[in-house]
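Observations on chain architecture
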Amino acid sequence: MQAQKPAVLEYATVSTFHWGLFKGKINQRHLHEMGGNTGAVTVSSISYTALQISPHEATVTITARFHPEESWTRYPKLQKPEEALEHEKKHFELTEVYARKLRKLVSNSHYSATLFKDEINKQFTELVTQHRTEQVRYDHETNHSIDSHQQEKWNARIDEQLGSLSTYTETTVRIKFTR
C-alpha cells in the first residue's frame, strides 16, 4: 500500500516548488473572480495551533501552508510557464512572510494566561486580513505576472521581507506569560 501525501504542505517542507504540486481541478469561482484566462492559482493559508498551554507559558506552531488539492494550473498550456510558476511560488512565499510576521508579533507580545487565547486569535485574524489584502495587491500590481517590471519589483520585495524576517523561520514559538 502506498503512503498518502498530506492534504497540505508546510512551507518549511517544500524544497522545490513545481507544477506537480498543483493537484486541483480548474475552479470556476477562481475564473469568475480573476478572469477566464487565468493560468494557475495557488491556494495557501496561515495556520496556528496551540500545542501546549499551562498557567505560565504556551507553545504554538505557526505555519504557511500550500493546499495542493485546491491549487490548480493549466500547465503545460501556458504562454510563459516559468514566469507563471515563479509568480505562483511568490504567492506561497508571501504567505510565509505573513506567517513570519505573526511569529514575530507573537514572540514580542506580552500575554496573560487568562486572555492568551483571545489575544492571539485577534492578532491572527488581523494578520490574515493583511495577508489577504497583500495577495490581492500582488496580483493586481503584477497583473498576474504579465507585468514583468512589476513582477521583478515584487520578487525583490518578497525576497527582502523573507530575509529581514529570517529570525522567525522556526514554526514553533514558546511564549512566557507575563501578567
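Residues numbered from 1 in each chain as written. Predicted model: local features only at pLDDT ≥ 70, side-chain atom pairs only at ≥ 80, totals over all residues. Heavy atoms only, no water.

Side note on the layout of surface pockets
The computed volume of the largest pocket comes to approximately 1,400 Å³. As for the largest pocket, its lining consists of 49 residues, of which M34, A40, H91, D139 and H144 are closest to the centre. Contributing elements (two or more residues each) for the lining of the largest pocket: α1 (28–34), β2 (40–41), β3 (44–53), α2 (81–108), α3 (116–142) and α4 (148–164). Counting residues per element, the lining of the largest pocket draws most heavily on α3, at eight residues. Counted by class, the lining of the largest pocket contains twelve nonpolar, 23 polar and 14 charged residues. (1 Å grid on protein atoms, 1.4 Å probe; cavity = no way out; pocket = protein on both sides within 12 Å on 5 of 7 lines; lining within 4 Å. Points joined across faces, edges and corners; volume = space filled by probe spheres on them. Helix = DSSP H or I, 4+ residues; strand = E, 2+ residues; numbered from the N terminus. Nonpolar A, V, L, I, M, F, W, Y, C, P; charged D, E, K, R; others polar.)

Quick look at the pairing of strand β4 (residues 57–66)
Counted residue by residue, β4 has nine buried out of ten residues, so it is predominantly covered. Looking at chain direction, strand β1 (residues 9–10) and β4 are connected through two bridges and run antiparallel. Within β4, the position partnered with L9 by the bridge is F66. The pairing of β3 with β4 spans nine bridges and is antiparallel. Each bridged residue has a counterpart across the sheet, and for Q52 the counterpart in β4 is T59. Remark: three residues form the turn of the hairpin made by β3 and β4, two consecutive strands paired antiparallel. Sheet topology places β4 next to strand β6 (residues 172–176); five bridges connect them, and they run antiparallel. (Buried < 20%, exposed > 50% of the residue type's maximum accessible area, 1.4 Å probe, protein only. Pairing = 2+ DSSP bridges.)

Overview of the pattern of salt bridges
For the structure on display, the rule yields 13 salt bridges. Across the pair E96 and R103 runs a salt bridge, and its minimum N-O distance is 3.1 Å. Measuring nitrogen to oxygen at the nearest pair gives 2.9 Å for the salt bridge that ties R137 to E141. Taken together, the residues span about one helical turn, with R137 and E141 both in helix α3 at a distance of four residues. You can call R137 partly exposed: its relative accessible area is 34%. Put simply, E86, K89, K90, E93 and D159 are held in one network by salt bridges that share partners. (Salt bridge = Lys/Arg side-chain N within 4 Å of Asp/Glu carboxyl O.)

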